[in-house]
Amino acid sequence: MIERNPGFSNLQAGYLFPEVAKRRREYQAKHPDAKIISLGIGNTTEPLTPHITKAMVDYAKSLATAKGYSGYGDEQGLTELREKIANVYYPKMASADEVFISDGAKCDIARIQTLFGKKVEVAVQDPAYPVYVDGSVVVGAAGKASKSGYKGITYLPCTAENDFFPDFSKVKPDSLIYFCSPNNPTGAAATKAQLKKLVDFALKNGCIIIYDAAYFAFIRNPKLPKTIYEIPGARKCAIEINSFSKLAGFTGVRLGWSVVPSQLKFADGTPVKQDWNRVMTTLFNGASNIAQRGGLAALDEEGLKETKGLVDYYLENASLMKETLTGPNFKEAGVKVFYTGDSPYLWVQFPGMKSWDVFDRILDECHVVTTPGSGFGPAGESYIRFSCFGHRADIKEACKRLSKFIIK
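This one's a predicted model, so the numbers in the text were calculated from it and none came from an experiment. (Residues numbered from 1 in each chain as written. Predicted model: local features only at pLDDT ≥ 70, side-chain atom pairs only at ≥ 80, totals over all residues. Heavy atoms only, no water.)

## So, the overall build of the protein chain
Rules: Helix numbers and strand numbers start at the N terminus; a helix is a DSSP run of H or I with at least 4 residues, a strand a run of E with at least 2. Only protein chains enter the accessibility calculation, which uses a 1.4 Å probe; a residue is then buried when its area is under 20% of its type maximum, exposed when over 50%, and partly exposed in between. Throughout, a residue-residue contact means that at least one pair of heavy atoms, one from each residue, lies within 4.5 Å. For the accessible areas, the method is Shrake-Rupley and the probe is 1.4 Å, while residue cover comes only from the protein chains on display. Note that His is not counted, nor are the chain ends; the positive residues are Lys and Arg, and the negative ones are Asp and Glu. Positions of charges follow a simple convention, taking NZ of Lys, CZ of Arg, CG of Asp or CD of Glu.
The number of helices and strands found in the protein chain is 14 helices and 15 strands. Considered along the principal axes of its C-alpha atoms, the protein chain spans approximately 60 × 55 × 50 Å. Relative to its 408 residues, the protein chain shows a buried fraction of 53%. Summarising the internal contacts of the protein chain: among those between residues at least 6 apart in sequence, 75% fall at separations of at least 24. Summed over all atoms, the accessible surface of the protein chain reaches about 18,300 Å², with 54% contributed by carbon and sulfur. The protein chain carries 51 positive and 43 negative side-chain charges, and their two centres are separated by 2 Å.

## Structural notes on the pattern of salt bridges
Using the following cut-off: Think of a salt bridge as a Lys or Arg side-chain nitrogen and an Asp or Glu carboxyl oxygen that are within 4 Å of each other.
All chains considered together, the criterion is met by 18 salt bridges. With a closest N to O distance of 3.8 Å, K35 and D394 form a salt bridge. Of this pair, K35 sits in the loop between α2 (16-30) and β1 (37-38) while D394 sits in helix α14 (residues 392-402), placing them 359 residues apart in sequence. Where D200 meets K196, a salt bridge forms, and the shortest distance between an N and an O atom there is 2.7 Å. Of this pair, D200 and K196 both sit in helix α7 (residues 192-205), separated by 4 residues, roughly a single helical turn. On the basis of relative accessibility, which here comes to 34%, the residue D200 falls in the partly exposed class. Residue K196 is classed as partly exposed on the basis of its relative accessible area of 45%. Several salt bridges converge on common partners, so that one network encompasses E19, R23 and D360.

## A short note on the sheet that holds strand β7 (residues 175-180)
Stated precisely, the cut-off is as follows: Here, strands pair whenever DSSP counts at least two bridges between them. All axes here are fitted lines through C-alpha atoms, helices being fitted over the stretch that makes contact, and every angle between N-to-C directions spans 0 to 180 degrees.
Spatial ordering of the open sheet is given by β2-β10-β9-β8-β7-β3-β6, a layout of 7 strands whose pairing is mixed. Two strands close off the open sheet at either side, each with one partner strand: β2 (99-102) and β6 (153-157). Shown here is a sheet whose adjacent strand axes are inclined to one another by a mean of 20°, direction ignored. Bridge count for β7 against strand β8 (residues 208-212) is 5 bridges, and the pairing is parallel. Counted as the bridge partner of F179 is Y211 from β8.

## Observations concerning the pairing of strand β3 (residues 121-126)
Burial analysis of β3 places 5 of its 6 residues in the buried class, the great majority of the element. Pairing of β3 with β7 involves 4 bridges; the strand directions are parallel. Opposite A123, over in β7, you have I177 as the bridge partner. The pairing of β3 with β6 spans 5 bridges and is parallel. Each residue of the ladder has a partner; that of A123, found in β6, is T154.

## Examining helix α11 (residues 301-325)
Because the α-helix completes a turn every 3.6 residues, residues three or four places apart line up on one side. The criterion, for reference: An expected span of 1.5 Å times one less than the residue number is assigned to each helix. Between N or O atoms, a polar contact is any pair within 3.5 Å; within protein, one atom must be a potential hydrogen donor and the other a potential acceptor, and residues adjacent in sequence are included only when both atoms are from side chains.
Between its first and last C-alpha, α11 extends 36 Å over 25 residues, near the 36 Å set by a 1.5 Å rise per residue. Along α11, the residues classified as buried are G303, E306, T307, L310, V311, Y314, L315, N317, A318, M321, T324 and L325. Here α11 starts with a cap whose side-chain oxygen sits 3.3 Å from the backbone nitrogen of E302, and that cap is D300.

## Brief notes about the packing of aromatic side chains
Quick reminder of the rule: Under the pairing criterion, centres of Phe, Tyr and Trp rings, with the six-membered ring standing for Trp, must be within 6.5 Å; the plane angle then separates stacked pairs below 30 degrees from edge-to-face pairs above 60, leaving the rest tilted.
Evaluated as defined, the whole model comprises 26 aromatic pairs. Summarising the aromatic geometry, the rings of Y132 and Y178 are spaced 5.2 Å apart at their centres and angled 15° between planes, so their arrangement reads as stacked. In this pair, Y132 is assigned in helix α6 (residues 130-139) and Y178 in strand β7, connecting sequence segments 46 residues apart. Y178 sits in the buried class, given a relative accessible area of 0%. Taken together, the aromatic side chains of F17, F164, F338, W347, F376 and Y383 make up a single cluster linked through ring pairs.

Shown next as structure tokens:
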């Protein structure tokens with residue numbers, strides 16, 4: 001008999017978001033009349049914008065014609081889209097041949113584990129998006145879980161005390177460092193000075209940064225960097241992962257990209273881009289041609305205007321939520337809200353309480369789904385992540401209910 005990959009047996013019982021969905025279903029089954037509003041998973045809710053939708057519809061219709069039909073495309077993505085991404089988001093920072101189109105950031109992060117194998121050291125922000133850790137466990141770069149986290153993972157606490165930016169002194173040389181900004185779940189957006197510390201550390205210690213920039217479109221502070229490549233030296237030590245999911249509402253359409261600079265190399269001098277190209281051409285067969293046409297439309301003048309409006313809508317939701325969560329009932333209970341206006345997430349601390357306990361109480365008393373901070377790592381305990389993705393009417397109703405929530 002073939003033995004099971006031990007990486008799967010080392011994973012904790014359940015991935016965070018399916019567990020949240022399970023608890024919601026169980027509660028709904030017991031209370032069928034409850035109108036549950038989700039402020040939990042970071043799933044976009046608003047319709048795709050007209051210009052972008054038209055581009056995909058027109059292209060889909062053309063596939064029904066002999067002239068317009070297309071089959072397999074380049075696994076690395078449409079040349080036109082790769083050029084557009086490089087010109088719009090990485091002028092003088094990356095070239096089109098360093099951009100690889102994919103079916104989303106999460107998929108890229110999972111695939112990228114294959115580049116480094118199971119012997120690599122891994123460091124992650126704590127709290128962090130679960131796939132960084134879970135993907136490392138599956139490939140064998142990390143072992144079984146304990147109360148303090150998975151064996152073999154170096155956790156870098158990001159707390160209010162350190163302004164949600166980690167101390168890298170515990171990171172071992174030649175490690176992969178997973179870093180997300182604006183961060184999921186804390187919402188913290190790193191400054192140029194902070195990212196310089198990260199890049200300088202990586203260069204000095206032979207590390208490679210996997211930089212998750214999936215929420216860059218939410219940054220409104222002009223002083224904050226939107227890509228790691230704004231930092232000198234980053235091209236020698238960082239891979240950037242990005243996505244159209246939150247930018248253009250493509251969570252279901254599925255489209256993303258990665259940037260792997262030509263200057264980034266393994267210890268033996270092999271360009272990392274060379275092996276990533278092999279991964280993308282061997283373990284992947286290219287993003288949907290229809291989705292890529294939508295991506296192109298999202299990056300022209302009209303598309304950029306539409307996507308900004310879409311993101312602004314969600315940021316307005318976040319402002320309403322912040323106003324509620326800093327209200328008298330929360331303030332009197334010592335609840336702390338961390339939100340800067342550059343992220344779709346509010347990171348809220350309920351001192352002295354367990355995350356899942358707060359989750360259950362808010363679901364039971366307000367019929368609102370949130371995400372427990374402990375599911376993102378040990379440092380997330382006592383926190384709750386509130387997502388601003390939702391219809392405005394639902395956001396207002398959720399705020400109304402939360403404004404009456406009594407924290408005992």
